[in-house]
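Residue-level listing of the chains:
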There are 2 protein chains.
Amino acid sequence: MPSDKPHAASAEQLIRRTEALLHEQIPLTRAMQVRVVRFDDGELELAAPLTVNHNHLGTAFGGSLAAVATLAGYALLWLLVEDPTCHVVIRRSTIQYRHPVRGDIHAVCRQPDAEAVAAFRTHFERTGKARITLPVTIAQDGRTCVEFEGEFVAVR
Amino acid sequence: MPSDKPHAASAEQLIRRTEALLHEQIPLTRAMQVRVVRFDDGELELAAPLTVNHNHLGTAFGGSLAAVATLAGYALLWLLVEDPTCHVVIRRSTIQYRHPVRGDIHAVCRQPDAEAVAAFRTHFERTGKARITLPVTIAQDGRTCVEFEGEFVAVR
């Protein structure tokens, strides 16, 4: 049976390359100890430990949650575009903090449906610029704690 | 002529105490080198250097901008409540990235009008819990680059 998953070795390489890119290009990701955990089944997961990302209440700091969610969007878009000349920027975002995150941060950015991705890619290839809205959730023990939605723009 | 400004020495003490609180309680603020710059005329200003907060394009990282804006809201609310037993949390926020920030980050949280602050304080004193919406702007060379609005809750 054919699989939609990227080839295992190549997926692992993509993950390591993306993490290295984040650490090189955005120094705060090193201080936050952000890791790229997985990229499969149309989802990209980033993680960051609570020890360096907690707030005055010992739960995850809202700014860290917003930053990890933003990074998950950036990283998914880099992986979707697969064009080294492409720049990704964020235009706007909304974030709902529903419940405190009491452990390490795990942010999952879900790739939009195939039709939306195809429309985004076609527009990017034709004009060198395209925008897309990406949802990110941060859950703990099966409960959604944080919901983020960001509008990102890719520019060649 | 009477002045609305807090007494100079006490304002400086408040600033230093707030900065120390941020650095002690939220470790990421040390990595981000966040400073409390001023608290006067109903405005609280935080700053953070570009050198440790830049992104892959050499401009301020969206996650740092969101984090500094969130901190400006927290800090203003701490200063408004003046109750050491009070916890401040963020419920939701929206952020618009209008222009890239090409230098150090300067985030200004403006205190809502006197009526809104009085209503917030009365509700907090009566029920031990109150919410307030706080706007934060990040400008450079007189141009607003980032607009943030956060809903914060103070709980005793």
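As a reminder, the structure under discussion sits directly above these lines.
Small disclaimer: the values here were computed from a predicted structure and weren't measured.

What counts, and at which threshold
- Residues numbered from 1 in each chain as written.
- Chains lettered and ligands numbered in written order.
- Predicted model: local features only at pLDDT ≥ 70, side-chain atom pairs only at ≥ 80, totals over all residues.
- Heavy atoms only, no water.
- Contact = heavy atoms within 4.5 Å.
- Buried area = accessible area lost by both parts, 1.4 Å probe.
- Salt bridge = Lys/Arg side-chain N within 4 Å of Asp/Glu carboxyl O.
- Polar contact = N/O pair within 3.5 Å; in protein donor to acceptor, adjacent residues only side chain to side chain.
- Helix = DSSP H or I, 4+ residues; strand = E, 2+ residues; numbered from the N terminus.
- Nonpolar A, V, L, I, M, F, W, Y, C, P; charged D, E, K, R; others polar.
- Pairing = 2+ DSSP bridges.
- Buried < 20%, exposed > 50% of the residue type's maximum accessible area, 1.4 Å probe, protein only.

A. Region of interest: the interface of chain A and chain B. Opposite the 34 residues of chain A that make contact, chain B presents 34 residues. Buried surface at the junction of chain A and chain B, both sides included, amounts to about 2800 Å², of which 65% is carbon and sulfur. Three residues, L28, H56 and F61 of chain A, lead the burial of chain A against chain B; their summed loss comes to 24% of the area buried on that side. On the surface where chain A and chain B come into contact, there are 0 salt bridges. Between the two partners, chain A and chain B, sit 11 residue pairs in polar contact (both at pLDDT 80 or more). Elements with a contribution of two residues or more to the side of chain A that touches chain B: α2 (28-31), α3 (62-81) and β3 (87-97) of chain A. Of all the elements, β3 of chain A adds the most residues to the side of chain A that touches chain B, at 11 residues. For the side of chain A that touches chain B, a count of residues per class yields 18 nonpolar, 14 polar and 2 charged. Note that β3 of chain A and strand β3 (residues 87-97) of chain B share 5 bridges and pair antiparallel. Along β3 of chain B, the bridge assignment pairs I95 of chain A with S93 of chain B.

B. Geometry of the environment of A130 of chain A. Residues and elements named next belong to chain A. Residue placement: A130 occurs in strand β5 (residues 129-140). A130 gets classed as buried once you look at its relative accessible area, which sits at 4%. Sequence separation between A130 and L80 is 50 residues, and the spatial gap between their C-alpha atoms is 12 Å. The contact partners of A130, leaving out residues within four places of it in the chain, are F120, H123, F124, F152, V153 and A154.

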